[in-house]
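# Close look at the chain arrangement
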Protein chains: 2
Amino acid sequence: MASNANSVNIESEKRGYHHGDLRSALVQAGLDLLKTRAPDAVSLREIARMAGVSATAVYRHFPDKQALLSALCDEGAEDLARLQQAAMAQAGGGRSGFDAVGRTYVRFALANPTLFRLMMTAPVDSCAPLAALGQDVLAKKILMDNIAALAPVEASQAEQRVFALRAWSIVHGLAMLMLDRQVPADDALIDAVVTSASVGVG
Amino acid sequence: MASNANSVNIESEKRGYHHGDLRSALVQAGLDLLKTRAPDAVSLREIARMAGVSATAVYRHFPDKQALLSALCDEGAEDLARLQQAAMAQAGGGRSGFDAVGRTYVRFALANPTLFRLMMTAPVDSCAPLAALGQDVLAKKILMDNIAALAPVEASQAEQRVFALRAWSIVHGLAMLMLDRQVPADDALIDAVVTSASVGVG
DNA sequence: TCGGCAATGTTTACAGCGATAACATGGCGA
DNA sequence: TCGCCATGTTATCGCTGTAAACATTGCCGA
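Bear in mind the structure is a predicted one, so any value in this text is a computation, not a measurement.

## Remarks on the overall build of chain A
- The secondary structure content of chain A amounts to eight helices and zero strands.
- Starting at the N terminus and ending at the C terminus, chain A contains elements arranged as α-α-α-α-α-α-α-α.
- For chain A, the proportion of its 202 residues judged to be buried stands at 49%.
- For chain A, the accessible surface area stands at approximately 10200 Å², while carbon and sulfur atoms represent 54% of it.

And the structure:
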């Protein structure tokens with residue numbers, strides 16, 4: 001997951017005043033921290049501590065905490081996109097590929113709850129235009145296009161867009177409900193909800 | 001929205017050392033604050049300030065911040081349930097009532113973004129059993145049962161459960177995606193996604 | 001080779017946060 | 001009337017994100 005193959009072993013080497021590749025180290029530390037902490041329990045200071053560096057050093061590489069978190073989101077988005085591409089390829093495309101991508105989406109959310117929540121939760125009050133956001137949004141756009149391409153061919157473009165959005169809503173809603181424990185995180189349940197979703201429509 | 005008709009005008013009266021009904025006042029202040037703040041920008045201290053009381057007074061009525069927030073969630077859940085009941089009644093039940101309930105769900109989320117997010121986001125790391133949570137979960141259970149009752153009659157119980165969960169996923173996912181600005185918060189779009197959701201199945 | 005500048009670390013400081021402990025007030029029943 | 005106790009208060013703690021000032025070092029031009 002989101003390995004930065006270069007610049008490993010940093011923590012073991014005795015480093016001098018300068019770190020070498022602190023930015024990558026911070027991102028890696030952040031991803032590690034995300035695995036065990038709740039989203040609002042992820043503190044800039046702890047990430048810095050984990051990277052063996054003072055808290056304010058972070059500000060040499062990110063304007064503020066949110067920027068650091070956004071960098072983590074971008075890593076997550078890349079991961080998710082890779083997984084989905086693989087799932088699609090393995091299923092051989094078509095409808096079964098479509099379902100596989102959906103299942104991958106939900107399973108990724110369950111496997112990386114905090115990261116997923118971070119990825120999908122907008123900076124909230126900031127009315128930033130979508131284009132200004134990180135590349136994860138771009139990844140989603142690509143995903144949307146892929147989904148739309150699987151809509152029934154006889155449908156109009158608007159109908160295809162609705163079809164795609166509904167598909168996204170199903171997996172996103174299911175993922176969120178399971179993350180928030182409103183619904184048991186049952187693998188069979190994922191299959192049931194996601195798979196038959198395409199039955200009634202195509 | 002979530003009016004506590006009793007104990008109004010508290011802030012205008014000159015109160016003595018004791019408040020009278022601080023608990024209600026805190027809940028009301030919290031709901032007011034939720035209207036303008038992002039979820040993680042809602043601080044216990046500011047709610048207390050808004051109620052004209054010291055921060056630690058809150059602890060006489062709630063064990064911790066989370067408990068106060070849960071009280072806000074319960075108010076929100078009541079509101080949502082009321083709105084959905086009204087929508088169902090006005091639409092005259094049946095499929096159009098079903099759709100109306102779904103639309104109400106999404107519109108409530110858009111109208112009360114922070115409150116909705118608070119309601120639907122579990123205390124995260126706490127593995128609390130669902131039964132131990134606030135009444136909002138109960139409200140959701142009722143909702144689920146209502147939805148399930150509208151599933152195709154020839155379906156098995158398990159199929160009905162999946163049908164209900166998929167319906168919930170659609171509206172929940174759509175609400176979340178719109179809240180997080182992944183998708184434009186367009187009223188017509190809500191109608192399109194929610195309404196035709198029942199077309200392919202029943 | 002040397003001097004200095006820019007990049008990138010550090011320490012210090014501040015205001016706001018949730019939470020605890022100790023203290024103050026005052027309503028109400030014995 | 002007295003005293004209990006529910007419900008307020010202030011003081012304090014450790015944590016947070018962030019800004020400002022200072023320290024160190026790699027690198028580039030003279």
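Now that the structure is up, let's keep going.
## Looking at helix H1 (residues 22-36) of chain B
All names here are of chain B.
- Taking 1.5 Å per residue as the helical rise, H1 with its 15 residues ought to reach 21 Å, and the 22 Å between its terminal C-alpha atoms agrees with that figure.
- Counting buried positions over the 15 residues of H1 gives eleven, a clear majority of the element.
- Here H1 has its buried residues at Leu22, Ser24, Ala25, Leu26, Val27, Gln28, Ala29, Gly30, Leu31, Leu33 and Leu34.
- Tucked into the core, H1 has its buried residues touching helix H2 (44-50), helix H3 (65-91) and helix H5 (113-120).

## Some details on helix H5 (residues 113-120) of chain A
- In terms of residue burial, H5(A) counts as a mostly covered element, since seven of its eight residues are buried.
- Of all the residues in H5(A), the buried ones are A:Thr114, A:Leu115, A:Phe116, A:Arg117, A:Leu118, A:Met119 and A:Met120.

## Examining the pattern of salt bridges
- Evaluation of the coordinates by the stated rule reveals 16 salt bridges over all chains.
- Linking A:Arg82 and A:Glu78 is a salt bridge whose minimum nitrogen-to-oxygen distance equals 3.8 Å. One end of the pair, A:Arg82, and the other, A:Glu78, are both in helix H3 (residues 65-91), four residues apart, so they sit about a helical turn from each other.
- The partly exposed category is assigned to A:Arg82, whose relative accessible area is 46%.
- Residue classification places A:Glu78 among the partly exposed residues on the basis of a relative accessible area of 35%.
- The partner of B:Arg107 in a salt bridge is B:Asp187, and the shortest N-O contact between them spans 3.1 Å. Placement of B:Arg107 in helix H4 (residues 94-111) and of B:Asp187 in helix H8 (residues 187-195) is noted, with a sequence separation of 80 residues between them.
- For B:Asp187, a relative accessible area of 41% corresponds to the partly exposed category.
- Salt bridges linked by common partners bring A:Arg103, A:Arg107, A:Asp187 and A:Asp191 together as one network.

## Overview of the nonpolar core
- Among the nonpolar cores identified, the biggest contains 98 residues, and A:Phe116 and B:Phe116 are the most heavily contacted of them.
- Leaving out residues up to four positions away in the same chain, A:Phe116 has contacts with A:Tyr105, A:Phe108, A:Ala109, A:His172, A:Ala175, A:Met176 and A:Leu179.

## Observations concerning the packing of H4(B) against H5(B)
Residues and elements named next belong to chain B.
- In the contact formed by H4 and H5, the axes pass within 5 Å of each other and the chain directions differ by 115 degrees. Along its contact with H4, which presents Tyr105, Phe108, Ala109, Leu110 and Ala111, the element H5 presents Pro113, Leu115, Phe116, Met119 and Met120.
- For the contact of H4 with H5, the class distribution of residues is ten nonpolar, no polar and no charged.

## Overview of the packing of H3(B) against H4(B)
Residues and elements named next belong to chain B.
- Axis separation between H3 and H4 bottoms out at 8 Å; the angle between their running directions is 150 degrees. As far as their axial angle goes, H4 and H3 are roughly antiparallel. Every pair of crossing elements has a handedness; the one defined by H3 and H4 is right-handed. Together, Gly76, Asp79, Leu80, Leu83, Gln84, Ala87, Met88 and Ala91 of H3 and Ser96, Gly97, Phe98, Ala100, Val101, Thr104, Tyr105 and Phe108 of H4 make up the contact between the two elements.
- The residue makeup of the contact of H3 with H4, split by class, is ten nonpolar, five polar and one charged.

## A word on the environment of B:Leu118
All names here are of chain B.
- Note on placement: leucine 118 falls in helix H5.
- Exposure remark for leucine 118: the relative accessible area of 18% places this residue in the buried category.
- Once residues lying within four places of it in the same chain are set aside, the contact partners of leucine 118 are Leu34, Pro39, Leu69 and Cys73.

## Focus on the packing of aromatic side chains
- This model, assessed by the stated rule, comprises four aromatic pairs over all chains.
- Centroid distance A:Phe98 to A:Phe163: 6.1 Å. Interplanar angle 25 degrees. Geometry classified as stacked. In this pair, A:Phe98 is assigned in helix H4 (residues 94-111) and A:Phe163 in helix H7 (residues 157-179), connecting sequence segments 65 residues apart. The residues A:Phe98 and A:Phe163 share a single accessibility class, namely buried.
- Here B:Tyr105 and B:Phe116 contribute two aromatic rings whose centre-to-centre distance is 5.5 Å and whose plane-to-plane angle is 90 degrees, an arrangement assigned as edge-to-face. Taken together, the residues span a long stretch of sequence, with B:Tyr105 in helix H4 and B:Phe116 in helix H5 at a distance of eleven residues. Considered together, B:Tyr105 and B:Phe116 belong to a single accessibility category, that of buried residues.

## Topic: the side chain of B:Thr104
All names here are of chain B.
- With respect to the helices, strands and loops of the structure, threonine 104 is situated in helix H4.
- Using a relative accessible area of 14% as the deciding quantity, one classes threonine 104 as buried.
- Excluding residues that lie within four positions of it along the chain, threonine 104 makes contacts with Leu80, Leu83, Gln84 and Ala87.

Reading the values: rules and limits
Per chain, the residues get numbers from 1 upward, laid out in the order the sequence is written. Each chain takes a letter, starting from A, and each ligand takes a number, starting from 1, following the order in which they are written. Thresholds applied to this predicted model are a pLDDT of at least 70 for local features of residues and 80 or more for the giving and counting of side-chain atom pairs; totals over whole chains, interfaces and linings are not thresholded and use all residues. With hydrogens and water set aside, each side-chain value is computed from the structure's full complement of heavy atoms. Comment: elements are numbered from the N terminus, with helices defined as DSSP H or I runs of at least four residues and strands as E runs of at least two. Each residue gets one of three labels from its accessible area relative to the maximum for its type: buried under 20%, exposed over 50%, partly exposed in between, using a 1.4 Å probe on protein chains only. Here the Shrake-Rupley method, with its probe set to 1.4 Å, supplies the accessible areas, and only the displayed protein chains count as covering residues. A helix is expected to span 1.5 Å multiplied by its residue count minus one. Residues are treated as being in contact if the distance between any of their heavy atoms lies within 4.5 Å. Here, a salt bridge means any Lys or Arg side-chain nitrogen found within 4 Å of an Asp or Glu carboxyl oxygen. We define a nonpolar core as any set of buried Ala, Val, Leu, Ile, Met, Phe, Trp, Tyr and Cys residues linked to one another through side-chain atoms lying within 4.5 Å. Whenever a helix is involved, its axis is fitted only over the stretch in contact; in every case the axis is a line through C-alpha atoms, and angles between N-to-C directions fall within 0 to 180 degrees. Any residue that is not Ala, Val, Leu, Ile, Met, Phe, Trp, Tyr, Cys, Pro, Asp, Glu, Lys or Arg is counted as polar, Gly included; the first ten are nonpolar and the last four charged. By the definition adopted for this analysis, an angle is roughly parallel if under 35 degrees, roughly antiparallel if over 145, roughly perpendicular if from 65 to 115, and oblique otherwise. Here a crossing is taken to be left-handed if its near helix is turned anticlockwise relative to the far helix by less than a right angle, and right-handed if that turn runs clockwise. Any pair of Phe, Tyr and Trp rings, taking the six-membered ring for Trp, is counted once the centres come within 6.5 Å. Such a pair is stacked with planes under 30 degrees apart, edge-to-face with planes over 60 apart, and tilted for the rest.

Any link to function would need more than the numbers given here.
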